[in-house]
Amino acid sequence: MNMIDLDDSPVRDEADYHKVSKAEMVAGFAKLTQVRRWISQGATDQWLYDAAQEAREGGTTEAQSHYNIYRVFYGDNAIVLERVGNRYRVLNGYHRLAVAQELGWTTIPAKVINS
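Here's a quick rundown of the structure. (Residues numbered from 1 in each chain as written. Predicted model: local features only at pLDDT ≥ 70, side-chain atom pairs only at ≥ 80, totals over all residues. Heavy atoms only, no water.)

Looking now at the overall build of the chain. Scanning the chain from N- to C-terminus turns up 4 helices and 4 strands. When the helices and strands of the chain are read in sequence order from the N terminus, they spell out β-α-α-α-β-β-α-β. Its C-alpha radius of gyration of 15 Å places the chain within 12% of the 13 Å reference for a compact globule of 115 residues. Dimensions of the chain, computed from C-alpha atoms along their principal axes, come out at roughly 45 × 35 × 20 Å. Taken over 115 residues, the chain has a buried fraction of 34%. Across the chain, contacts joining residues at least 24 apart in sequence account for 68% of those joining residues at least 6 apart. Put simply, the chain shows about 7100 Å² of open surface, and 48% of that area lies on carbon and sulfur atoms. (Helix = DSSP H or I, 4+ residues; strand = E, 2+ residues; numbered from the N terminus. Rg over C-alpha atoms; globule rule 2.2 N^0.38 Å. Buried < 20%, exposed > 50% of the residue type's maximum accessible area, 1.4 Å probe, protein only. Contact = heavy atoms within 4.5 Å. Areas by Shrake-Rupley, 256 points an atom, 1.4 Å probe, with all protein chains shown as cover.)

A few words now on the pattern of salt bridges. This structure, assessed with the given rule, holds 2 salt bridges. In this structure, the salt-bridge partner of Arg89 is Glu82, at a minimum N-O distance of 2.4 Å. (Salt bridge = Lys/Arg side-chain N within 4 Å of Asp/Glu carboxyl O.)

Let us now look at helix H3 (residues 66–74). Of the positions making up H3, those classed as buried are Tyr67, Asn68, Ile69, Tyr70 and Phe73. Buried-residue contacts for H3 involve helix H1 (22–40), helix H2 (45–57) and helix H4 (94–103).

Looking now at the nonpolar core. The biggest cluster of nonpolar side chains holds 26 residues, and the ones touching the most others in it are Ile4, Phe29, Phe73, Leu81, Val90, Leu97 and Ile108. Of all the elements in the fold, those that place two or more residues in this core are H1, H2, H3, strand E3 (87–92) and H4. Apart from residues no more than four positions distant in its own chain, Ile108 is found in contact with Met1, Ile4, Phe29, Phe73, Ile79, Leu97 and Ala100. (Core = buried A, V, L, I, M, F, W, Y, C linked by side-chain atoms within 4.5 Å.)

Moving on, we come to the sheet that holds E3. Strand pairs in the sheet, formed through backbone hydrogen bonds, run parallel or antiparallel to each other. Spatial strand order, E1-E3-E2-E4: 4 strands in an open sheet with mixed pairing. Unpaired on one side and paired on the other, strand E1 (4–5) and strand E4 (111–113) mark the two borders of the sheet. Pairing between E1 and E3: 2 bridges, direction parallel. Within E3, the residue paired with Ile4 across the bridge is Tyr88. Against the sheet, H4 makes contact with E1, strand E2 (80–84) and E3, and its axis sits at roughly 130° relative to E3, the strand it touches most. (Pairing = 2+ DSSP bridges. Axes fitted to C-alpha atoms, helices over the stretch in contact; angles between N-to-C directions.)

Along the chain, Asp16 turns up in the loop between E1 and H1. Arg12 provides the closest opposite charge to the buried, unpaired Asp16, separated from it by 6.2 Å. Polar contacts involving the side chain of Asp16 include one to the main-chain amide nitrogen of Arg12, which spans 2.6 Å. When residues no more than four places from it in sequence are discounted, the contact partners of Asp16 are Pro10, Val11 and His95. (Lys, Arg positive; Asp, Glu negative; His and termini not counted. Polar contact = N/O pair within 3.5 Å; in protein donor to acceptor, adjacent residues only side chain to side chain.)

Attention now goes to the environment of Gly42. Tracing the sequence through the fold places Gly42 in the loop between H1 and H2. Spatially, the C-alpha atom of Gly42 lies 28 Å from that of Glu82, the residues being 40 residues apart in sequence.

With respect to the helices, strands and loops of the structure, Lys22 is situated in helix H1. Here Lys22 falls in the buried class, since its relative accessible area comes to 16%. Sequence-distant contacts of Lys22, defined by excluding residues within four places in its chain, comprise Glu14, Tyr17, Val99 and Glu102.

Put into structure tokens, the structure is as follows:
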């Protein structure tokens, strides 16, 4: 996180969260902790999808599912960084990075281009 340049971030306060509220993002980070644990134990995207199906049948919405958190951080909507020298410029993911920084995270899943 300390190598990511957030100086040009448009995220200044809670009013800057439009599509997903800051509170929902904070809750998503709690789920990301579990998703990272499952991945380290060998979980696949299919396993997470199947687990989300069970959760949906139990009343959990798609947006609240661990599978959605997986997709947001590891799929097509992942944080995207561009390597520029010894730093990283943000191409996608300012809101998630702002939450990660506020929560004191030191690492975050991201796709890096030009590495």
